[in-house]
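Spelled out from the first residue to the last, the chains are:
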There are 2 protein chains.
Amino acid sequence: MAVTYELIKEEKNTKARLGKLHTPHGVIETPIFMPVGTKATVKAMTPEELKDMQTQIILSNTYHLYLRPGHKLIEEAGGLHKFMNWDKPILTDSGGFQVFSLGELRDITEKGVHFRSHIDGSKHFISPEKSIEIQNSLGSDIAMAFDECTPYPADKEYVKKSLERTTRWAKRCQEVHKKSDVQGIFGIVQGGMYRDLREQSVKEITDLDFPGYAVGGLSVGEPADLMYGVLDYTVPLLPKNKPRYLMGVGSPDYLFEAVIRGIDMADCVLPTRIARNGTVITSRGRLVVKNAKYAKDFSPLDPECNCYACKNYTRAYIRHLFKANEILGARLTTIHNLYFLIQLMENIRDAIKKDRLLEYREEFYKKYGYDL
Amino acid sequence: MAVTYELIKEEKNTKARLGKLHTPHGVIETPIFMPVGTKATVKAMTPEELKDMQTQIILSNTYHLYLRPGHKLIEEAGGLHKFMNWDKPILTDSGGFQVFSLGELRDITEKGVHFRSHIDGSKHFISPEKSIEIQNSLGSDIAMAFDECTPYPADKEYVKKSLERTTRWAKRCQEVHKKSDVQGIFGIVQGGMYRDLREQSVKEITDLDFPGYAVGGLSVGEPADLMYGVLDYTVPLLPKNKPRYLMGVGSPDYLFEAVIRGIDMADCVLPTRIARNGTVITSRGRLVVKNAKYAKDFSPLDPECNCYACKNYTRAYIRHLFKANEILGARLTTIHNLYFLIQLMENIRDAIKKDRLLEYREEFYKKYGYDL
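A few points on the structure.

Procedures and definitions
- Residues numbered from 1 in each chain as written.
- Chains lettered and ligands numbered in written order.
- Predicted model: local features only at pLDDT ≥ 70, side-chain atom pairs only at ≥ 80, totals over all residues.
- Heavy atoms only, no water.
- Buried < 20%, exposed > 50% of the residue type's maximum accessible area, 1.4 Å probe, protein only.
- Helix = DSSP H or I, 4+ residues; strand = E, 2+ residues; numbered from the N terminus.
- Pairing = 2+ DSSP bridges.
- Axes fitted to C-alpha atoms, helices over the stretch in contact; angles between N-to-C directions.
- Parallel < 35°, antiparallel > 145°, perpendicular 65-115°, else oblique.
- Left-handed = near helix turned anticlockwise from the far one by under 90°.
- Contact = heavy atoms within 4.5 Å.
- Nonpolar A, V, L, I, M, F, W, Y, C, P; charged D, E, K, R; others polar.
- Core = buried A, V, L, I, M, F, W, Y, C linked by side-chain atoms within 4.5 Å.
- Buried area = accessible area lost by both parts, 1.4 Å probe.
- Salt bridge = Lys/Arg side-chain N within 4 Å of Asp/Glu carboxyl O.
- Polar contact = N/O pair within 3.5 Å; in protein donor to acceptor, adjacent residues only side chain to side chain.
- Phe/Tyr/Trp six-rings, centres within 6.5 Å; stacked < 30°, edge-to-face > 60°.
- Lys NZ or Arg CZ within 6 Å of the ring centre and 35° of its normal.

**So, the pairing of strand E15 (residues 279–282) of chain B**
Residue and element names in this part refer to chain B.
Here is step 1 of the chain: What you see with E15 is no split at all: Thr279 and Ile281 on one side and Val280 and Thr282 on the other are buried throughout.
Here is step 2 of the chain: Looking at chain direction, E15 and strand E16 (residues 285–288) are connected through four bridges and run antiparallel. Each residue of the ladder has a partner; that of Ile281, found in E16, is Arg286.
Here is step 3 of the chain: Linking two consecutive strands that pair antiparallel, namely E15 and E16, is a turn of two residues.

**Brief notes about the packing of helix H6 (residues 128–138) of chain B against helix H7 (residues 156–176) of chain B**
Residue and element names in this part refer to chain B.
Here is step 1 of the chain: Close contact between H6 and H7 brings their axes to 8 Å; oriented N to C, the two are set at 45°. Taken together, the axis directions place H6 and H7 in an arrangement best described as oblique. For the crossing formed where H6 meets H7, the hand is right-handed. Taken together, the residues of H7 that come into contact with H6 (itself represented by Pro128, Glu129, Ile132 and Asn136) are Trp169, Arg172, Cys173 and Val176.
Here is step 2 of the chain: Considered class by class, the residues forming the contact of H6 with H7 number five nonpolar, one polar and two charged.

**Remarks on the nonpolar core**
Here is step 1 of the chain: Residues Leu231, Ile348 and Leu357 of chain A together with Leu231, Ile348 and Leu357 of chain B are the most contacted members of the largest nonpolar core, which totals 202 residues.
Here is step 2 of the chain: With near-sequence residues (within four places) excluded, Ile348 of chain A lies in contact with Pro31, Phe256, Val259, Leu357 and Tyr360 of chain A.

**Overview of the sheet that holds strand E3 (residues 26–30) of chain B**
All names here are of chain B.
Here is step 1 of the chain: Taken together, three strands build an open sheet; the order of strands is E1-E2-E3 and the sheet is antiparallel. Taken across any chain shown, the strands that pair with only one partner, and hence form the sheet edges, are strand E1 (4–10) and E3. Neighbour to neighbour, the strand axes of the sheet diverge by 15° on average, direction disregarded.
Here is step 2 of the chain: Two elements, strand E2 (residues 17–23) and E3, share five bridges in a ladder whose sense is antiparallel.

**Section: the interface of chain B and chain A**
Here is step 1 of the chain: The partner chain A presents 37 residues to the 37 residues of chain B that form the contact.
Here is step 2 of the chain: When chain B packs against chain A, the two sides together hide about 3,200 Å² of surface, and 57% of this comes from carbon and sulfur.
Here is step 3 of the chain: Across the chain B-chain A interface, the total number found is six salt bridges.
Here is step 4 of the chain: Taken together, the connections running from chain B to chain A amount to 18 residue pairs in polar contact (both at pLDDT 80 or more).

**Brief notes about the side chain of Ser117 of chain B**
Here is step 1 of the chain: If you trace the backbone, Ser117 of chain B turns up in the loop between strand E8 (113–116) and strand E9 (123–126).
Here is step 2 of the chain: Non-local contacts of Ser117 of chain B, meaning those with residues more than four positions away in its chain, are made with Tyr63, Leu67, Ser122 and His124 of chain B.

**Notes on the packing of aromatic side chains**
Residue and element names in this part refer to chain A.
Here is step 1 of the chain: Inspection of the entire model under this criterion finds 32 aromatic pairs over all chains.
Here is step 2 of the chain: Ring centres 5.4 Å apart and planes at 70° place the aromatic pair Phe256 and Tyr365 in the edge-to-face group. Note that Phe256 is positioned in helix H10 (residues 252–260) and Tyr365 in helix H15 (residues 357–368), a separation of 109 residues in sequence.
Here is step 3 of the chain: On the basis of relative accessibility, which here comes to 3%, the residue Tyr365 falls in the buried class.
Here is step 4 of the chain: An aromatic cluster of at least three residues, connected via ring pairs, comprises Phe256, Phe340, Tyr360, Phe364, Tyr365, Tyr368 and Tyr370.
Here is step 5 of the chain: The residue whose ring lies beneath Lys51 is Trp86, and the NZ or CZ to ring-centre distance is 5.9 Å.

Rendered as structure tokens:
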């Protein structure tokens, strides 16, 4: 099998786990945060910079790469790894989330989704089969089954119909998947905020026996407590010998709470997106480095951080770069934010090893300024 | 003296010279091309990337740094080197060129130049004294005397009056310069395209005995042959034991022709500016990587180049990055263009050593597609 999960340890006081995810391009220590490289590049970064900060895996987006430059072109280039000069694992999403986010530009049928490109308005159709074809061409280590991410809020009847279609689509993905030796497909559990529907979806999707499972349909605008509740009752239903992936989560509090509930993998554009806007995540909470109060602040973004940006530059300099619209500004804040989250996950893994995850969370939140 | 020039060798067949320029932050082998870091950053680059490509010195702009973030702030930060994390030599211009380029926004008097900021329209005044004060605060290794860069074309009477004022200003710069132990000021020769005025300016400026001299007022829109002509009769008048700097020149042909005429230093925003626009300088001439014909071109920007971009990425990938508006695109083309010019200057120095500069130029032009 292309992708296998090795459970190393379960933490004593929470549902957190330590594991190793074996993929064609290497072994990933979990729990892990995955930086997002939407268009075959983690924005503003080189692969070497990502490796320097111990990035183990990145995520790339099927929808965007299908539209531009096109999956066939990437296949001709030798696959996504070679195209973008990244030789470690890659996970690709199914394209579903982006397509459904198009709103009026798309139309969902049993066969698949008709939509118009956000770039030039051209007409396209992505089905489960097409999604897998694209992901096969890209050659990611982990492909995602094509699902419908139900919005929040959504009425129960719709969510039920949708999750059942997601199951049928998952089956179709599995059937056409041609590269099970070099690529694993993860199934996605849906069911909205309804416990019985989550149970139904877990049953249907795990019956298909994927090498990994995502909890989908979360972090879509619902209150944090609702998300935690869904994780509380959904994650324990998933098989222990498979990795669990929570999509679209990347703030320190979400990462802590997800891991505590048994999640092994997460991704989010948040750290890279807010970085380009001049906002950094620090051990003392978020900091908007563009603010006037940092004009003469000659301390690093985060005095406790050892990233390249914090070791070599001051808030005053980085603020100047942002005011002057200089690319190096976004580079430095991106390096910092990704380093911060990757370091956080390393610390979390270490705390799991020592059965002190709750203590570590408390220490972290105290400085970070987050009330449980 | 803070800055001294050591003449190593004169080429047999041209006026080209090999030299070493000793500065407070290290020794520079000349002839040299200096990347431009206008706003305390070479656009899109880190200092480490510049060092990796053997950048020996960078140029930064007094006008821009005076306006934002302000020279006093940079002084408080410990000087420009520390502020921007660059520990090798820095040359700062005088601010004159930028101020004069403001057109209707400025007014020149004997005392100095009144102007309005291009950022917020606020009123400012830069005099020779102020320019040196700013450059002292920045702490560059090489400061430039405040001069008037006469435009092209300009009538002789105006050019004569202007060059004479430039001489008076140069004297005033020298008089207020406080840091001759850690910073050298270069004088600037003006005189437009008039041989007798160039001779007059050289005499007046060299009489002041600066540690280096720039040939100013060239590369301002005049035909290349006219520039070469001015260099032909001006450079030999400059003292042999001082470096000669040609401002605003950065295309391979200009660099060759300047060096052949005895120039030791040059700078230009060209390589970094066209890079961000998707144009690269290669051994076979310029290449606009955004063009559709490179969509499936899986060869490097320049197959003969050993830069990071050429070793790791294809034209197809870099084109994709530009089409998708990704920062990494500008990073890769900037790396390539700077590497290319720095490598070119290294090859030129090597050719001078071997007394074969004209042969090397011919070999280069043949591939590059430039007709002498």
